[in-house]
Amino acid sequence: MTLQNEESNSIPVADVVADIDAAESLPELVQETATRNFYEYSLPELEEFLISRGHKKFRAQQVFKWVYEKRVEDYEQMSNVSKAFRAELPTLFHFALPKIVTELKSKDGTRKWLHEIDGMTVETVLIPNKDRLTLCVSSEVGCNMACRFCFTGKQKLKRRLTTGQIIGQFLHAQDSLAKEGLRVTNIVFMGMGEPLDNAEAVFRSIEILHQPNGINMSRKKITVSTSGIVPLIPLVTKSGTRLAVSLNAPNNEIRDFVMPINKKWDVWQLLEACREHYRESGDRITFEYVLLKGITDKLDQARELWNLVRDVPCKINIIPFNEHPGSGFERPTPESVIAFQQELIRLGAHVLLRRTMGRDIFAACGQLTSKYEGRPDRLDVQPGL
Ligand code: SF4
């Protein structure tokens, strides 16, 4: 999608998956009369637009650098931009980011932002780990994938986020960290929503995040996670980012139960797509595996899991289930979590056990949103930093 027409430079999402809606159209992008939200556009799109208005290509680069690298939104401060162009810019673009409802900080250093978008809320989480500050961003409000263990999956898809709403999550976090001399080092598309169900906005955001004249985040520091929309996995490969797959079961029978998407694209199709990703990119895949007591945490299932993935260069993140009301699932005991991990290690797997972080600020995906529901008084935690 470009400013001028919707055909060029678009990712053929709808062509690939007939029954998954293509990313919602962005009427704002094609209105010729209104100003445009600057944050919705990649640099090539801005260049194309400004060229169509009779400006030189480098003008787009100048403004892009001011906005993303120097975090300046006031055109008058863009000192190397000509006066005439500075005067015209407000007739072309405005700056609109999602509103921050609250910013919370956990005792363990995890931070969480709740953003309001058209009266709905989405979450963004910052997870500190050694020398990394990883930002987990949301791509949708609600989610249609209906994974049984997931809090967000209980809410049907309400909205796919636009590029600006995704980028806004990053900018709010980065602006906040910058005050402390810190910066986001890694980004994972693992928040609310299935990123590949909103592929166009997600991959445009990645182009903005990666752009050397702006945020300049290495593609290898960005991970896109999927529940298993197999035909769209090549888009991750093409984007040069890392792939994470929410696997969560050692076989089709259990995966059909915990992740309904498996009935459409089963484990064998999913693993073949992962192998293809590795062949093309040379990047190991991360498999996420939620341990559900009595369902996915048995030792013979650790062996079954290993047999499933052993020929895919990968690491396995095991995640003890984060209990929430009405889930119907339980968290395994610490002993069975360790036993599961040890069995995988014994077999030769590269396994990481994810600590549960930010429990005091509802860090499990969708929990804070649910707690809030438009009622700040429900946040019985200390807002702010
Ligand atoms: S785990 Fe991810 S894909 Fe599955 S329902 Fe939750 S948000 Fe959607």
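Since we're looking at a predicted model, the values are computed, not measured. (Residues numbered from 1 in each chain as written. Predicted model: local features only at pLDDT ≥ 70, side-chain atom pairs only at ≥ 80, totals over all residues.)

(A) Region of interest: the overall build of the protein. A tally of regular secondary structure across the protein gives 13 helices and 14 strands. Looking at the protein as a whole, 41% of its 385 residues are labelled buried. (Helix = DSSP H or I, 4+ residues; strand = E, 2+ residues; numbered from the N terminus. Buried ≥ 20, exposed ≤ 12 C-beta atoms within 10 Å, placed from the backbone.)

(B) Geometry of the packing of helix 3 (residues 43-52) against helix 4 (residues 57-69). Remark: helix 3 packs on helix 4, axes separated minimally by 8 Å, with the N-to-C direction vectors making an angle of 135 degrees. One way to sum up the angle between helix 3 and helix 4 is to call them oblique. Helix 4 is crossed by helix 3, and the crossing has right-handed handedness. Listed contacts from helix 4 to L43, L46, E47, L50 and I51 of helix 3 are K57, R59, A60, Q61 and F64. (Axes fitted to C-alpha atoms, helices over the stretch in contact; angles between N-to-C directions. Parallel < 35°, antiparallel > 145°, perpendicular 65-115°, else oblique. Left-handed = near helix turned anticlockwise from the far one by under 90°. Contact = placed C-beta atoms within 7 Å.)

(C) Expanded view of the sheet that holds strand 11 (residues 242-246). Ordered in space as 3-4-5-6-9-10-11-12-13-14, the ten strands form an open sheet in which the pairing is mixed. Looking along the sheet, the strands with just one partner apiece sit at the ends: strand 3 (99-105) and strand 14 (351-353). Mean inter-strand twist for the sheet, computed between neighbouring axes without regard to direction, equals 20 degrees. Looking at chain direction, strand 11 and strand 12 (residues 285-291) are connected through three bridges and run parallel. (Pairing = 2+ DSSP bridges.)

(D) Molecular detail of the nonpolar core. Within the largest apolar cluster, 86 residues are counted, with the highest numbers of intra-cluster contacts made by L135, F170, I187, V202, V245, F287 and Y289. In terms of residue count, the dominant contributor to this core is helix 7 (residues 199-210) (seven residues). If near-sequence neighbours (up to four positions away) are discounted, V245 is found in contact with T226, G228, L270, C274, I285, F287 and E288. (Core = buried A, V, L, I, M, F, W, Y, C linked by C-beta atoms within 7 Å.)

(E) A look at the pairing of strand 11. The buried count for strand 11 comes to five of five residues, which makes it a mostly enclosed element. Side chains R242, A244 and S246 of strand 11 all project onto a buried face; the interleaved residues L243 and V245 project onto the opposite face, where all are buried too. Pairing analysis gives four bridges linking strand 10 (residues 222-226) to strand 11, with the strands arranged parallel. By the bridge assignment, T226 is partnered in strand 11 with V245. Tracing the backbone out of strand 10, into helix 8 (residues 233-239) and back to the parallel element strand 11 gives a crossover that is right-handed. (Right-handed = clockwise from strand over helix to strand, strands pointing away.)

(F) Up close: helix 10 (residues 267-281). For helix 10, with 15 residues, the first-to-last C-alpha span of 21 Å sits near the 21 Å given by 1.5 Å per residue. All of the buried residues in helix 10 are V267, L270, L271, A273, C274 and H277. Buried residues of helix 10, viewed axially, fall in a sector of 155 degrees; they line one side. Facing away from the buried side of helix 10 by over 90 degrees, the exposed positions are W268, R279 and E280. Packing partners of the buried residues in helix 10 comprise helix 8, strand 11, helix 9 (252-258), strand 12 and helix 11 (299-309). Count one or two residues on from helix 10 and you reach G282, which has phi positive near 75 degrees. (Expected span 1.5 Å × (residues − 1). Arc of directions from axis to C-beta.)

(G) Region of interest: the site of the ligand. C143, M145, A146, C147, C150, T152, G153, M192, G193, E194, S227 and S246 make up every residue found near the ligand. Within the shell around the ligand, the residues separate by chemical class into six nonpolar, five polar and one charged. (Near = placed C-beta within 6 Å. Nonpolar A, V, L, I, M, F, W, Y, C, P; charged D, E, K, R; others polar.)

(H) Spatial organisation of the packing of helix 11 against helix 12 (residues 334-347). Closest axis-to-axis distance for the helix 11/helix 12 pair is 9 Å, and the angle between their directions is 40 degrees. Of the possible angle classes, the one that applies to helix 11 and helix 12 is oblique. Helix 11 and helix 12 meet at a crossing whose hand is right-handed. Here L299, A302, R303 and W306 of helix 11 lie close against helix 12, whose contacting residues are A339, F340, E343, L344 and L347. Tallied by class, the residues present in the contact of helix 11 with helix 12 amount to seven nonpolar, no polar and two charged.

(I) Spotlight on the confidence of the model for the protein. Confidence in the prediction of the protein, expressed as mean pLDDT, is 87, and 84% of residues score 70 or more. Across residues 372-385 the pLDDT falls below 50, and counting only partners more than four positions away or on other chains, this stretch makes 18 contacts in the model. (pLDDT = per-residue confidence, 0-100.)

(J) Spatial organisation of the pairing of strand 4 (residues 111-117). In terms of burial, strand 4 is largely enclosed, as five of its seven residues are buried. Sheet topology places strand 3 next to strand 4; six bridges connect them, and they run antiparallel. Bridge pairing in strand 4 links E103 to W113. Between strand 3 and strand 4, which pair antiparallel in sequence order, lie five residues; one of them, G109, sits at a positive phi of approximately 100 degrees. With seven bridges joining them, strand 4 and strand 5 (residues 120-129) adopt antiparallel strand pairing. Looking at strand 5, one finds that L114 is bridged to E123. Hairpin connection between strand 4 and strand 5: a loop of two residues separates the two successive antiparallel strands, and D118 in this loop has a positive phi of roughly 50 degrees.

(K) Structural context of the environment of R279. For R279, the location among the structural elements is in helix 10. For the pair R279 and T237, spaced 42 residues apart in sequence, the C-alpha to C-alpha distance is 9.8 Å.

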